[in-house]
Amino acid sequence: TDYETILIETRGRVGWITLNRPDALNALNSQVMRDVVAAAGAFDADPAIGAIVVTGSERAFAAGADIKEMEGKSGREMLMDDHFGAWGRFAAVRTPVIAAVSGYALGGGCELAMMCDIILAADSARFGQPEITLGVIPGMGGTQRLVRAVGPYVAADLVLTGRLLSADEAARAGLVSRVIPAADLLAEAEKVAEAIAAKSLVALFAAKAALDAAVETTLAEGLRFERQAFAGLFDTDDQKEGMAAFREKRPPEFTHR
Ligand code: HXC
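Okay, so let's go over this structure. (Residues numbered from 1 in each chain as written. Predicted model: local features only at pLDDT ≥ 70, side-chain atom pairs only at ≥ 80, totals over all residues. Heavy atoms only, no water.)

### As for the packing of helix 6 (residues 142-150) against helix 7 (residues 152-161)
What counts, and what does not: Axis definition: a line fit to C-alpha positions, over the contact stretch in the case of helices; interaxial angles, taken between N-to-C directions, run 0 to 180 degrees. Strands here are runs of E lasting at least two residues and helices are runs of H or I lasting at least four, both read from the DSSP assignment and numbered beginning at the N terminus. Each angle gets one of four labels, with under 35 degrees taken as roughly parallel, over 145 as roughly antiparallel, 65 to 115 as roughly perpendicular, and the rest as oblique. By convention, the crossing between two helices is left-handed when the near helix turns anticlockwise from the far helix through less than a right angle, and right-handed when the turn is clockwise. Pairs of residues are marked as contacts when any of their non-hydrogen atoms sit within 4.5 Å. Amino acids outside the nonpolar list (Ala, Val, Leu, Ile, Met, Phe, Trp, Tyr, Cys, Pro) and the charged list (Asp, Glu, Lys, Arg) are all regarded as polar, and Gly is one of them.
It is the contact of helix 6 with helix 7, at a shortest axis distance of 7 Å, that shows an interaxial angle of 135 degrees. The angle between the axes of helix 6 and helix 7 places the two elements in the oblique class. In the packing of helix 6 onto helix 7, the handedness of the crossing is right-handed. Contacts between helix 6 and helix 7 involve Thr143, Leu146, Val147 and Val150 from the first element and Pro152, Val154, Ala155, Leu158 and Val159 from the second. The residue inventory of the contact of helix 6 with helix 7, partitioned by class, reads eight nonpolar, one polar and no charged.

Shown next as structure tokens:
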């Protein structure tokens, strides 16, 4: 657990990843990518973890990819080094991931939040894809995930002008599911993460995969996937336990098997 740019904590069944480059508003350089991808991968491989929270500081979730690191690169280098490629492994984590966003979530920071399953926002949060202002475009999924999250017209407004959304605007647009007073953000994130992590991990994996299928495939393919995944869960101990607990009017004790 030798991470340079993040802090890691496990509380109960929840794994916490806190971006920790305060001098750069948590700008996402390649070390941050390596650290976050490794930490999320380790939590994902651990059946004692049922949810992951990614958060930043009060001032910034992350103010984007590290402009100073990228500035001098050539197109060939960006392509051949696949500079942001490893983020795909973060997006592919099977465990539910919550982004708890306070302050700036810009560029790669907004894109990182959109790689998570749920985005909770402090009332101070600001979301945007300001890359156009730098003479480039989003490169960690922003044009694709934002269109799917908020629709083509709001996405175009953000990507083409670089303007920022407040937490309330982001919630109205569907990017954020809950807006929370800044002082309560982490406590609320913990509650949501604990509520998720208490569920059957097998069912959570299936639910996340099915939700992902909805944005990644056609309706027919997604429905086929859901039907298979739903049926498959009837061979788990947790399905028997969950339904027995309902019948016996007691809380379920999942073994995540
Ligand atoms: C590197 C950054 C940074 C970034 C902030 N800093 N954002 N360094 N990369 N993305 C550094 C500043 O240089 C400064 O360090 C310190 O953090 C504090 O920032 P300030 O600008 O002094 O703070 P403030 O005046 O409060 O302004 C906050 C801000 C502004 C509005 C968020 O920092 C800003 O506009 N940042 C860039 C936002 C952005 O364009 N993001 C998209 C990046 S491109 P020093 O040492 O100078 O004091 C991107 C591409 C993704 O994300 C796709 C990749 C393929």
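### Considering the pairing of strand 1 (residues 6-11)
Note the threshold: Strands qualify as paired when DSSP identifies two bridges or more between them.
With six bridges joining them, strand 1 and strand 2 (residues 14-19) adopt antiparallel strand pairing. In the sheet register, arginine 11 faces strand 2, and the bridge partner there is valine 14. Here strand 1 folds back onto strand 2, and the loop between the two strands holds two residues, one of which, glycine 12, carries a positive phi near 60 degrees.

### What about the environment of valine 54?
Here is the rule: Only protein chains enter the accessibility calculation, which uses a 1.4 Å probe. A residue is then buried if its area is under 20% of the maximum for its type, exposed if over 50%, and partly exposed in between.
For valine 54, the position within the fold is in strand 3 (residues 51-55). Valine 54 sits in the buried class, given a relative accessible area of 0%. Valine 54 sits 117 residues away from alanine 171 along the chain, and the two C-alpha atoms are 19 Å apart. Apart from residues no more than four positions distant in its own chain, valine 54 is found in contact with Ile17, Phe61, Phe90, Val97, Ile98, Ala99 and Ala100.

### Here's the deal with the site of the ligand
So the rule is basically this: We call a residue near a given molecule or strand whenever any one of its heavy atoms falls within 4 Å of it. N or O atoms closer than or at 3.5 Å make up a polar contact, with two conditions inside protein: a donor-capable atom paired with an acceptor-capable one, and, for residues adjacent in sequence, both atoms drawn from side chains. For the accessible areas, the method is Shrake-Rupley and the probe is 1.4 Å, while residue cover comes only from the protein chains on display.
Surrounding the ligand, one finds 23 residues, the nearest of these being Arg59, Ala65, Lys68, Phe84 and Gly108. Residue aspartate 23 places a main-chain N or O atom 3.4 Å away from an oxygen atom belonging to the ligand. In the model, a nitrogen atom of the ligand is placed 2.9 Å from a nitrogen or oxygen of the isoleucine 67 main chain. For the ligand, the protein covers 66% of the area, taking 1000 Å² as the surface of the free molecule. Among the elements of the structure, helix 2 (67-70), strand 6 (104-106) and helix 5 (108-114) are those that each provide at least two residues to the shell around the ligand. Split by residue class, the shell around the ligand holds 13 nonpolar, four polar and six charged.

### What about the packing of helix 10 (residues 201-216) against helix 11 (residues 219-232)?
Look at helix 10 against helix 11: their axes get within 9 Å of each other, and the N-to-C directions meet at 170 degrees. Between helix 10 and helix 11, the angle falls in the class roughly antiparallel. Together, Ala206, Ala209, Ala210 and Ala213 of helix 10 and Gly222, Phe225 and Ala229 of helix 11 make up the contact between the two elements. Of the residues in the contact of helix 10 with helix 11, the class split is six nonpolar, one polar and no charged.

### Let's talk about unusual backbone geometry
Apart from glycine, the bulk of residues carry a negative phi angle, and the bulk of peptide bonds sit in the trans form. At leucine 25, a residue that is not glycine, the phi angle is positive and equals roughly 50 degrees. Topologically, leucine 25 is positioned in the loop between strand 2 and helix 1 (30-44). Even without a glycine there, the phi angle at aspartate 82 is positive, about 45 degrees. Residue position: aspartate 82 is located in the loop between helix 3 (75-80) and helix 4 (87-91). Classification of aspartate 82 by relative accessible area gives partly exposed; the value is 49%.

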